[in-house]
Amino acid sequence: MMRTLAIGGFLVSLVLFAAVEWAARREGSRIPTLGEVCAYVMRYEVGPVPVGRIGLFGFWWWLGWHFLAR
Amino acid sequence: MEQPHDLTVEAPRVWDRPAVTVPVLVCLSLVGGRFPSFSTEANLWTLGTGGVLIWLGLSNRVPRRPAPRRLGAPAAWWALPVVVFGVFEGATFVLAVGDDFPTFSRLADPLLEDHLVRSAVWLGWLAAFWGLVRR
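Each chain has its residues counted from 1, running along the sequence as written. Labels are handed out in written order, letters beginning with A for the chains and numbers beginning with 1 for the ligands. For a predicted model such as this one, the threshold for reporting local features is a pLDDT of at least 70, and the threshold for listing and counting side-chain atom pairs is 80 or more; totals across whole chains, interfaces and linings nevertheless cover every residue.

**Comments concerning the interface of chain A and chain B**
Okay, so step 1: In this assembly, 35 residues from chain A lie in contact with 41 residues from chain B.
Okay, so step 2: Of all elements in the fold, only helix H1 (2-24), helix H2 (34-42) and helix H3 (51-68) of chain A reach the threshold of two or more residues within the side of chain A that touches chain B.
Okay, so step 3: The biggest single contributor to the side of chain A that touches chain B is H1 of chain A, with 11 residues.
Okay, so step 4: Under the convention adopted here, Pro, Cys and the residues Ala, Val, Leu, Ile, Met, Phe, Trp and Tyr are nonpolar, Asp, Glu, Lys and Arg are charged, and Gly plus all remaining residues are polar. Tallied by class, the residues present in the side of chain A that touches chain B amount to 24 nonpolar, 5 polar and 6 charged. Residues are treated as contacting if the C-beta atoms built from their backbones sit within 7 Å of each other. For helices the rule is a DSSP run of H or I covering at least 4 residues; for strands it is a run of E covering at least 2, with both sets numbered from the N terminus onward.

**Let's talk about the UniProt feature "transmembrane region" (unreviewed entry) in chain A**
Okay, so step 1: In the numbering used here, UniProt assigns the feature "transmembrane region" (unreviewed entry) to residues 47-68 of chain A.
Okay, so step 2: The span residues 47-68 of chain A shows a helical share of 82% and a strand share of 0%, and its end C-alpha atoms are spaced 34 Å apart. UniProt positions are given in the numbering used here, feature names are shortened, and annotations may be inferred rather than shown by experiment.

**Quick look at the packing of helix H2 (residues 40-58) of chain B against helix H5 (residues 115-133) of chain B**
Residue and element names in this part refer to chain B.
Okay, so step 1: Lines fitted to the C-alpha atoms define the axes, with helices restricted to the stretch that makes contact. Angles between their N-to-C directions range from 0 to 180 degrees. H5 packs onto H2 with a crossing angle of 15° between their chain directions and a minimal axis gap of 9 Å. One way to sum up the angle between H2 and H5 is to call them roughly parallel. Crossing handedness for the pair H2 and H5: right-handed. Between H2, through Thr49, Leu53, Leu56 and Gly57, and H5, the contact on the second element is made entirely by Leu126, Phe129, Trp130, Leu132 and Val133.
Okay, so step 2: The residue makeup of the contact of H2 with H5, split by class, is 7 nonpolar, 2 polar and no charged. Oblique is the label for any angle not covered by the other classes, which are roughly parallel (under 35 degrees), roughly antiparallel (over 145) and roughly perpendicular (65 to 115). Less than a right angle of anticlockwise turn of the near helix away from the far helix marks a crossing as left-handed, whereas a clockwise turn marks it as right-handed.

**With respect to the domain arrangement of chain A**
Okay, so step 1: Domain boundaries in chain A define domain 1 (1-30) and domain 2 (32-70).
Okay, so step 2: Using C-alpha coordinates to define each centre, domain 1 of chain A is positioned 21 Å away from domain 2 of chain A. All domain edges in this entry derive from an automatic or database-based domain assignment.

**Topic: helix H3 (residues 79-95) of chain B**
Okay, so step 1: Compared with an ideal rise of 1.5 Å per residue, which puts 17 residues at 24 Å, H3 of chain B spans 24 Å between its outermost C-alpha atoms and is within 8% of the ideal.
Okay, so step 2: Among all positions in H3 of chain B, only Pro81, Phe88 and Thr92 of chain B are buried. Taken end-on, H3 of chain B shows its buried residues confined to a sector of 50°, consistent with a single buried face. Turned more than 90 degrees away from the buried face of H3 of chain B sit Ala79, Val83, Gly86, Val87, Gly90 and Val94 of chain B, all of them exposed.
Okay, so step 3: For H3 of chain B, the elements touching its buried residues are H1 of chain A.
Okay, so step 4: One or two residues past the end of H3 of chain B sits Ala96 of chain B, with phi positive at roughly 50°. Here, expected helix span is obtained from the residue count minus one, scaled by 1.5 Å. Partly exposed residues are those falling between the two cut-offs: more than 12 but fewer than 20 other C-beta atoms within 10 Å of their own, whereas 20 or more means buried and 12 or fewer means exposed, with C-beta atoms placed from the backbone. Comment: arc refers to directions from the helix axis out to C-beta atoms.

Structure follows, in C-alpha cells:
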C-alpha cells in the first residue's frame, strides 16, 4: 500500500513536470520553460564568481553520479 | 583589412552542430551504459564526462543562448512538481523503511540494471548537461 503510494507520488510529480513544460511551450505562454528557469538561475553571480552556473552544474553532475555510478 | 570585433559574426564551430554532438553523446552514453553501479569505470566515466562538460560550461569556449533577464509570476508553476517530488522524496528518505516505502533512487535501481535503459538515462543526463552548458 505504502509502496504504491510512493510510486504514485513520484509518477504524479513526473507527469506534472511534463505538463508544466508542455504548458510553457504553448504559443503565447507566459510560463518559462525549464531551460529558461535554469538559464535565469545560472545568471546569478557573486562578484566575478558564477555561483548559479557552478551550483547548477554541480547539482546536475551529482545527480548523474548518484544514479549512474553509485 | 581587419574588421572591428563588434561587427564580425562568429561562424558556428564545426563540432558545435547536432550532426556532430548527437552521435558523440550517443557514443558516450553507450559506453557509460555498459558500466555497472559502484564500478571504478562508472565513477571515472561520470567524473570524466561531467568534468569536461563543467569545464566547457565555465569557460567561454561554447556559445551560449541568451538568458531571460527576469522571470514573471507564472514561473511559480514550476514549484508544483518540485514540491510534490520533494515531499515524497523527503518522506521516503526520512522514514527509511526500504522497499515498503522506497525512495526514487531505490525505485530506479532495478530499472538501471538493464544496459539499454542505463544507456538511455546516460543519454538524457548528458544531453541535459550539454543543454545547460549552452545556456
